[in-house]
Amino acid sequence: MTTRNTARDMDVVRAVLGERRISYLGYSYGAYLGAVYTQLFPGRTDRVVLDSAGDPRRWNPRPWVGNEPVVERALGAWASWTAARDREYGLGASRDAVLATVHRIVGAASERALRVGSYDIDEHLVPYLFWNGVGTDRAAGRAAFARSVAVLEKAARRIAVAPTPELEGSLRFVLDAASSHYGSPAAAILCGDAAAPRERERTGATSNAAAPATPSSAR
């Protein structure tokens, strides 16, 4: 399972449909896949839109390593937005205070998994939740993430809490096998496109080195 073979499968579908050319819309990984298709099959596309394409040289089983600085800037922007609404979310009245709350959540999860509803959120999952949560600068998205962080903050104090709908959606995506039809093929393709470090110690050391300074570093 590789991106090139996926592009070849796309061309099989094109041929079966009897189409000379295809139009294509792809974003994120879909943009990368579309670019590979146009390179493998030049002249077989009509209108093509590639949105939010990543660097193809970084497409490997650890595509987000090295993105920590920009994600931390996004986390800081969310913290400033949330601090201005401290009466609503109670996460801190300044950017630094909100970030201190984030670090407390990360620290608590490192000591013992946070219990949220029926989910256990450990030190590896918390950074993913922050990484995923700061991916938008829209007010609605920031508000939803702030509500989720407020739940995590209570869980870090070992208070019984239930997840917000948005937080439960993220947790189910990662932890529930029902979502494996999406995540498992993506993981297989990533591993098929490029080799990953085989030494477990090397992988862990790379993740842990970034963790203290970058709480939103996806591990």
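Everything in this summary refers to the structure shown in the same document. (Residues numbered from 1 in each chain as written. Predicted model: local features only at pLDDT ≥ 70, side-chain atom pairs only at ≥ 80, totals over all residues. Heavy atoms only, no water.)

**Looking at the overall build of the protein**
Looking only at helices and strands, one finds ten helices and four strands in the protein. Each helix and strand of the protein, ordered N terminal to C terminal, gives the series α-β-α-β-α-α-α-β-β-α-α-α-α-α. Taken over the C-alpha atoms alone, the protein extends approximately 60 × 40 × 30 Å along its principal axes. Of all 219 residues assigned to the protein, the portion counted as buried reaches 37%. Restricting the contact set of the protein to residue pairs at least 6 apart, pairs at least 24 apart contribute 62%. By element, 53% of the accessible surface of the protein is carried by carbon and sulfur atoms, the whole surface being about 12,800 Å². (Helix = DSSP H or I, 4+ residues; strand = E, 2+ residues; numbered from the N terminus. Buried < 20%, exposed > 50% of the residue type's maximum accessible area, 1.4 Å probe, protein only. Contact = heavy atoms within 4.5 Å. Areas by Shrake-Rupley, 256 points an atom, 1.4 Å probe, with all protein chains shown as cover.)

**Points about a nonpolar patch on the surface**
Nonpolar side chains collect at one region of the surface, where Phe 173, Val 174, Leu 175 and Tyr 182 lie side by side and expose about 390 Å² of accessible area between them. Top element by residues in the nonpolar patch is helix α8 (residues 165-175). It accounts for three residues. For Val 174, a relative accessible area of 38% gives the class partly exposed. (Patch = residues over 30% accessible without salt bridge, like charges linked within 9 Å, V, L, I, M, F, W, Y side chains within 5 Å. Salt bridge = Lys/Arg side-chain N within 4 Å of Asp/Glu carboxyl O.)

**Comments concerning the layout of surface pockets**
Left-over empty space is what a probe sized like a water molecule reveals as it rolls over the atoms. In this structure, the largest pocket occupies an estimated 1,700 Å³ of space. Contributing elements (two or more residues each) for the lining of the largest pocket: α2 (29-40), α6 (125-133), α8, α9 (180-193) and α10 (200-210). The greatest single-element share of the lining of the largest pocket, amounting to ten residues, is contributed by α9. Classifying every residue of the lining of the largest pocket by side-chain character gives 24 nonpolar, 13 polar and five charged. As a volume, the second largest pocket reaches approximately 330 Å³. (1 Å grid on protein atoms, 1.4 Å probe; cavity = no way out; pocket = protein on both sides within 12 Å on 5 of 7 lines; lining within 4 Å. Points joined across faces, edges and corners; volume = space filled by probe spheres on them. Nonpolar A, V, L, I, M, F, W, Y, C, P; charged D, E, K, R; others polar.)

**Quick notes on the packing of α6 against helix α7 (residues 139-156)**
For the pair α6 and α7, interaxial distance at closest approach is 10 Å and the crossing angle is 160°. As far as their axial angle goes, α7 and α6 are roughly antiparallel. Of the two possible hands of crossing, α6 and α7 adopt the one that is left-handed. Along the contact surface, α6 presents Leu 129, Phe 130 and Gly 133, while α7 presents Phe 145, Val 149 and Leu 152. Tallied by class, residues from the contact of α6 with α7 come to five nonpolar, one polar and no charged. (Axes fitted to C-alpha atoms, helices over the stretch in contact; angles between N-to-C directions. Parallel < 35°, antiparallel > 145°, perpendicular 65-115°, else oblique. Left-handed = near helix turned anticlockwise from the far one by under 90°.)

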